[in-house]
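A structural walkthrough
Listed below are the residues making up each chain.
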Amino acid sequence: RWSALCDTFAQWPGGDSLEIGVDYAEAHLEGWPDELRRAPRWLTNALVEALNHPRTTAIPDTPLWRLMRTLPMTRYRLGNDAASVLAHWDQIPSLLDLDLSHNLLKADGVAVLLDTGRFNALQHLRLRDNPLGRQGAQALTRTLPKLRTLDLRQTRLIDAGLQALVRAPARRSL
């Protein structure tokens with residue numbers, strides 16, 4: 001089971017053996033569905049704590065991040081500052097699915113996330129119930145070449161923002 005694997009690595013003593021174990025797991029997880037490779041709640045909570053308090057809390061430094069493909073971060077009240085920290089995080093996993101629904105992200109937060117290029121592999125992005133507005137839609141037109149699903153319900157988009165998304169080159173993949 002996925003959660004047992006994550007818990008095993010969380011309790012594993014550090015050092016070379018942990019790296020070897022994660023490398024071994026990574027090779028064997030290639031055939032697993034990406035939606036099963038979801039960041040466990042305890043690791044997501046630690047990440048959110050670090051995003052909300054970047055001066056006092058470090059993002060957990062673990063090779064376990066390499067195994068993640070789905071990062072659910074709903075209802076954590078993350079704002080633009082947290083988005084900036086996330087966007088510049090060195091260990092960002094190769095995420096395919098990112099759920100930032102029901103947070104406090106505005107257009108600037110989405111822009112900084114997408115402008116770094118660290119999320120170009122995303123296939124699914126959920127931004128439901130964030131006050132993005134027209135500028136948020138504009139930010140979404142710039143990148144994300146592999147995006148297949150985009151949830152923008154309750155984001156205060158107006159017609160002009162939706163029209164910009166419809167005209168964006170990336171919309172063909174949605």
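Counting of residues starts from 1 at the beginning of each chain's written sequence and follows it residue by residue. In keeping with the predicted nature of the model, local features appear solely for residues at pLDDT of at least 70, side-chain atom pairs appear and are counted solely at 80 or more, and the whole-chain, interface and lining totals rest on all residues. Water and hydrogen atoms were dropped before computing side-chain values, which therefore reflect all heavy atoms in the structure.

**Here we look at the environment of Pro-72**
For clarity, the threshold we go by: Helix and strand definitions follow DSSP, with helices as H or I runs of at least four residues and strands as E runs of at least two, each counted in order from the N terminus. Partly exposed describes any residue whose relative accessible area lies between the buried limit of under 20% and the exposed limit of over 50%, with all areas from a 1.4 Å probe on protein chains only and scaled to the type maximum. Here, two residues are considered to be in contact whenever any of their heavy atoms come within 4.5 Å of each other.
If you trace the backbone, Pro-72 turns up in strand β1 (residues 70-72). Since its relative accessible area comes to 14%, Pro-72 is described here as buried. With 25 residues separating them in the primary sequence, Pro-72 and Asp-97 have C-alpha atoms 8.0 Å apart. Beyond its immediate sequence surroundings of up to four residues, Pro-72 is in contact with Arg-38, Ala-39, Thr-44 and Asp-99.

**As for the side chain of Arg-69**
What counts, and what does not: The charge count includes Lys and Arg as positive and Asp and Glu as negative, but it does not include His or the ends of the chains. Should a side-chain nitrogen of Lys or Arg be within 4 Å of a carboxyl oxygen of Asp or Glu, the pair is scored as a salt bridge.
Position of Arg-69 among the secondary structure elements: in the loop between α3 (41-52) and β1. Despite being buried, Arg-69 has no salt bridge partner; Glu-26 is the closest side chain of opposite charge, sitting 4.4 Å away. For Arg-69, the contacting residues outside a window of four places in its chain are Glu-26, Asp-34, Arg-37, Ser-94, Leu-95, Leu-96 and Asp-97.

**Here we look at the sheet that holds strand β3 (residues 124-126)**
Rules: For two strands to pair, DSSP has to find at least two bridges joining them. Axis definition: a line fit to C-alpha positions, over the contact stretch in the case of helices; interaxial angles, taken between N-to-C directions, run 0 to 180 degrees.
Ordered by their spatial adjacency, 4 strands build an open sheet running β1-β2-β3-β4, and the pairing between neighbours is parallel. Single-partner strands in this sheet number two, and they are β1 and β4 (149-151). Neighbour-to-neighbour, the strand axes of this sheet turn through a mean angle of 0°, independent of strand direction. Where β1 meets strand β2 (residues 97-99), 3 bridges bridge the pair, whose relative direction is parallel. Bridge pairing in β2 places Pro-72 opposite Asp-99.

**What about the packing of helix α4 (residues 80-87) against helix α5 (residues 107-115)?**
The test is simple: Angle categories: roughly parallel below 35 degrees, roughly antiparallel above 145, roughly perpendicular from 65 to 115, and oblique for all the rest. The residue classification treats Ala, Val, Leu, Ile, Met, Phe, Trp, Tyr, Cys and Pro as nonpolar and Asp, Glu, Lys and Arg as charged. All others, Gly included, are polar.
It is at 8 Å that the axes of α4 and α5 come closest, and there the two elements cross at 0°. By the criterion of interaxial angle, the relationship of α4 to α5 is roughly parallel. Across from Asn-80, Ala-83, Ser-84, Leu-86 and Ala-87 in α4, the residues of α5 making contact are Asp-108, Gly-109, Val-112 and Leu-113. Tallied by class, residues from the contact of α4 with α5 come to 5 nonpolar, 3 polar and 1 charged.

**Things to note about α3**
Spelled out, the test is: A helix is expected to span 1.5 Å multiplied by its residue count minus one. By construction, the arc corresponds to the directions joining the helix axis to the C-beta atoms.
Between its first and last C-alpha atoms α3 spans 16 Å; for 12 residues at 1.5 Å apiece the expected length is 16 Å, and the two agree. Inspection of α3 places Leu-43, Thr-44, Leu-47, Val-48, Ala-50 and Leu-51 among the buried residues, and these make up the whole buried set. Taken end-on, α3 shows its buried residues confined to a sector of 160°, consistent with a single buried face. If you follow the buried residues of α3, they end up packed against β1 and α4.

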